[in-house]
2 protein chains.
Amino acid sequence: MDKALFENTKTVKKSGHLAIQIRQRILSGEFNPGDPALQEKDIMEEFHVSKGTAREALKILESQGLIDIRTGPKGGVSVTQVSVDKANEMMWNYFFRSDITIKDIYQVRKVLEPLLAEIVTPLLSRDTINRLAVNLDSLDCVGKYESTAERIVELDFHKILAECCPNPILAFFIQFIINLLEKIVMAQGIEFTDESEKLKMSGYNFHADLLKSFLNKDAVEATRLMSEHMKEAEAYMLQFLNDQQILKKE
Amino acid sequence: MDKALFENTKTVKKSGHLAIQIRQRILSGEFNPGDPALQEKDIMEEFHVSKGTAREALKILESQGLIDIRTGPKGGVSVTQVSVDKANEMMWNYFFRSDITIKDIYQVRKVLEPLLAEIVTPLLSRDTINRLAVNLDSLDCVGKYESTAERIVELDFHKILAECCPNPILAFFIQFIINLLEKIVMAQGIEFTDESEKLKMSGYNFHADLLKSFLNKDAVEATRLMSEHMKEAEAYMLQFLNDQQILKKE
DNA sequence: AGATATTTGTTCGTATGTATT
DNA sequence: TAATACATACGAACAAATATC
């Protein structure tokens, strides 16, 4: 018989079971962010478990971003909204062994970013457009030999758009992909070359044109521009990273 | 001053810090699935922490699907690959408070499923095509008054395709969306009506045509069919669920 | 600003449960 | 079956953090 590597009969132990029970109650809407904090003691009494067991369960939920634990008076366990960062962290647990290539990323990004542009164009507030304009300026200002920083600023432009997306799924998917690209850029760095200069100008010009189409509320044009932008971005990234460049480590 | 709701200065406690350290080492590739198991005792000694602290950290990593803990001789801590189910569970922690509508889901699904069809058409093995054919048969056989079961079987067709996708990101995104749809179908149920009969036939016919285009390795046709399929599927789902139908509870 | 009360954080000893040999 | 090796759970004591007065 093989090692039980793929067995599914895992008997959930007490602390794990407790974590599952509490998670269910959180998911069912019984507790909400802002509610008065529960306490370790309450959990121990309600579920008839020892302090250690209760703590293990709570630490599990805390690590998943579902609750917040504070010491001191008025402290205890309070339910929180899971943050995008935490969700991305959990996703990376799943993906970090995968051989993700630039092509994989852009295969998806090329369809999602244009869709995002189309959706948000009529929705962008004056304030958001200002933020995009500020971002465009700082992209221009970043020191010429700071290619990595330039890429991060450029990705921020797309993050701002994602934050305005009323479709939670699309918003998260795009944020996740941007997060991946940030990991790549931070890990590998982008050396300064003639090509990276072209990359910068291409990105800058597209962002400038996108901004105009946002101002004009021209969703069709924004979609088209974003589509072109993604194609060029992929081409430039492939030059630097030789495709087959694979994501490893954090 | 507001409540420190958005503070980021959260001091990570010992057990949490230990979990982060061990996670880093797992992500860096130091440990791999199949390696001999570590033991609680090893962790305690290496990091100079007590049993309780070590256990909290290990329970955290176990709950995230990164490790497996077994009792008994040869037991201990072994590193595992995070499962799709676990990743979906973590995603649901993030999304369960969001107001996700059918339109949100299909806005994304309408661009991703056709892309998937295009990618996998040249890659489908004889074996996979057989599995799809079997699925098509069982869709036909499911009892006429089992509309919910029908939807689950139909979604399985798309799951099989996703499993063949060499792009890990696209594969996961689609599996996640299918998982959401399963939650909806299971939670709300789909009553049997004349409309649900149409839904069934529409789905069946599209799956049958898709199968043909897969056999012919006709990626263009498969893409087109999938695109049409998604439009109809959305329309039918909207009839049942009145749009604005929102996902709540597990 | 400092003392205090409250609540979580960490440790240890012990006993029990469980899987392998 | 018994012995062994490992995790699991409990309880009590003490340490650290923090809100409030």
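A separate point is the overall build of chain A. What chain A contains, in helices and strands, is 10 helices and 2 strands. Secondary structure elements of chain A occur, N-terminal to C-terminal, as α-α-α-β-β-α-α-α-α-α-α-α. Residues classed as buried in chain A amount to 36% of the 250 residues present. Taking contacts inside chain A between residues at least 6 apart in sequence as the whole, the part at least 24 apart equals 71%.

So, on to the protein's contact with DNA strand C. B:Lys14, B:Ser50, B:Gly52, B:Thr53 and B:Gly72 are the nearest of the 26 residues found near DNA strand C. If you list the elements that add at least two residues to the surface near DNA strand C, you get helix 2 (40-47), helix 3 (51-63) and strand 2 (76-79) of chain A together with helix 1 (14-27) and helix 3 (51-63) of chain B. Partitioned by chemical class, the residues of the surface near DNA strand C number 5 nonpolar, 13 polar and 8 charged.

Residue and element names in this part refer to chain A. Phi at His48 is positive, roughly 55°, even though this residue is not glycine. Structurally, the position occupied by His48 is in the loop between helix 2 and helix 3. Judged by the 8 C-beta atoms lying within 10 Å of it, His48 is exposed. In this model, Lys74 sits at a positive phi of 65°, which is unusual for a non-glycine residue. Note on Lys74: 8 C-beta atoms within 10 Å, which makes it exposed.

Turning our attention to the interface of chain B and chain A. The extent of an interface is frequently quoted as the accessible surface area lost upon association of the parts. Listed as interface residues are 41 residues of chain B and, on the opposing side, 41 residues of chain A. Taken together, the elements giving at least two residues each to the side of chain B that touches chain A come down to helix 1, helix 3, helix 4 (84-95), helix 5 (102-120) and helix 8 (168-188) of chain B. Residue composition of the side of chain B that touches chain A, by class: 20 nonpolar, 14 polar and 7 charged.

The next point concerns the domain arrangement of chain A. For chain A, the domain assignment lists domain 1 (3-79) and domain 2 (85-241). Here the C-alpha centroids of domain 1 of chain A and domain 2 of chain A sit 37 Å apart.

Turning to helix 7 (residues 147-163) of chain B, a few remarks are in order. Taking 1.5 Å per residue as the helical rise, helix 7 of chain B with its 17 residues ought to reach 24 Å, and the 25 Å between its terminal C-alpha atoms agrees with that figure. Within helix 7 of chain B, burial applies to B:Ser147, B:Glu150, B:Arg151, B:Val153, B:Glu154, B:Phe157, B:His158, B:Leu161 and B:Ala162.

Bringing the nonpolar core into the picture now. Formed by 110 residues in total, the largest nonpolar core has its most connected members in A:Leu116, A:Leu170, A:Phe173, B:Leu116, B:Leu170 and B:Phe173. Residues within four places of B:Leu170 in sequence aside, it is in contact with A:Gln107, A:Val108, B:Leu112, B:Leu115, B:Leu116 and B:Cys165.

A few words now on the confidence of the model for chain A. Across chain A, pLDDT averages 89, with 90% of residues at or above 70. For the stretch residues 1-8 of chain A, pLDDT sits under 50, and the model shows 0 contacts to residues farther than four places along the chain or on other chains.

Residue and element names in this part refer to chain A. Running from amino to carboxyl end, helix 4 (residues 84-95) crosses helix 8 (residues 168-188) at an angle of 65°, the nearest separation of the two axes being 10 Å. Taken together, the axes of helix 4 and helix 8 lie roughly perpendicular to each other. The two elements helix 4 and helix 8 meet at a crossing, and its hand is right-handed. Where helix 4 approaches helix 8, its residues Val84, Ala87, Asn88 and Met91 are matched on the opposing element by Phe172, Gln175, Phe176 and Asn179. Partitioning the contact of helix 4 with helix 8 into residue classes produces 5 nonpolar, 3 polar and no charged.

Turning our eyes to something else, we now look at the relation of the copies chain B and chain A. When chain B is fitted to chain A, the best match, at an RMSD of 0.1 Å, comes from turning it 180° and sliding it 0.0 Å along the axis. Expressed as a symmetry operation, the mapping of one chain copy onto the other fits a two-fold axis. Mapped onto chain A, 98% of the interface residues of chain B are again interface residues, and the two copies thus contact each other with one and the same surface.

Glancing now at the protein's contact with DNA strand D. Taken together, 24 residues are adjacent to DNA strand D, and A:Lys14, A:Ser50, A:Thr53, A:Gly72 and B:Glu40 come closest. Among the secondary structure elements, those contributing two or more residues to the surface near DNA strand D are helix 1 (14-27) and helix 3 of chain A together with helix 2 (40-47) and strand 2 (76-79) of chain B. Along the lines of polarity and charge, the residues of the surface near DNA strand D split into 5 nonpolar, 12 polar and 7 charged.

In this section: the environment of A:Leu161. Residues and elements named next belong to chain A. Inspection of the secondary structure puts Leu161 in helix 7 (residues 147-163). The class of Leu161 is buried, set by 25 C-beta atoms lying within 10 Å. Spatially, the C-alpha atoms of Leu161 and Ala117 are 7.7 Å apart, while their sequence positions differ by 44 residues. The residues touching Leu161, leaving out its near neighbours within four places in the chain, are Leu116 and Val120.

Let us look at the environment of A:Tyr106. Residues and elements named next belong to chain A. Mapping Tyr106 onto the fold places it in helix 5 (residues 102-120). For the pair formed by Tyr106 and Leu181, sequence separation is 75 residues and the distance between their alpha carbons is 10.0 Å. Excluding residues that lie within four positions of it along the chain, Tyr106 makes contacts with Met230 and Glu234.

Quick look at the pairing of strand 2 of chain A now. All names here are of chain A. In this structure, strand 1 (residues 67-70) lies alongside strand 2, joined through 4 bridges in antiparallel fashion. Paired with Arg70 across the strands is Gly76, a residue of strand 2. Counting the residues that bridge the hairpin from strand 1 to strand 2 gives 5 residues, and of these Gly72 lies at a positive phi of roughly 85°.

Turning next to the environment of B:Lys14. All names here are of chain B. Here Lys14 lies in helix 1. Since 15 C-beta atoms lie within 10 Å of it, Lys14 is described here as partly exposed. Ignoring sequence-local partners within four residues, the contact set of Lys14 consists of Val49 and Thr53.

Quick notes on the rules
Residues numbered from 1 in each chain as written. Chains lettered and ligands numbered in written order. Predicted model: local features only at pLDDT ≥ 70, side-chain atom pairs only at ≥ 80, totals over all residues. Helix = DSSP H or I, 4+ residues; strand = E, 2+ residues; numbered from the N terminus. Buried ≥ 20, exposed ≤ 12 C-beta atoms within 10 Å, placed from the backbone. Contact = placed C-beta atoms within 7 Å. Near = placed C-beta within 6 Å. Nonpolar A, V, L, I, M, F, W, Y, C, P; charged D, E, K, R; others polar. Domains from an automatic or database assignment. Expected span 1.5 Å × (residues − 1). Core = buried A, V, L, I, M, F, W, Y, C linked by C-beta atoms within 7 Å. pLDDT = per-residue confidence, 0-100. Axes fitted to C-alpha atoms, helices over the stretch in contact; angles between N-to-C directions. Parallel < 35°, antiparallel > 145°, perpendicular 65-115°, else oblique. Left-handed = near helix turned anticlockwise from the far one by under 90°. Least-squares fit on C-alpha atoms with pLDDT ≥ 70 in both. Pairing = 2+ DSSP bridges.

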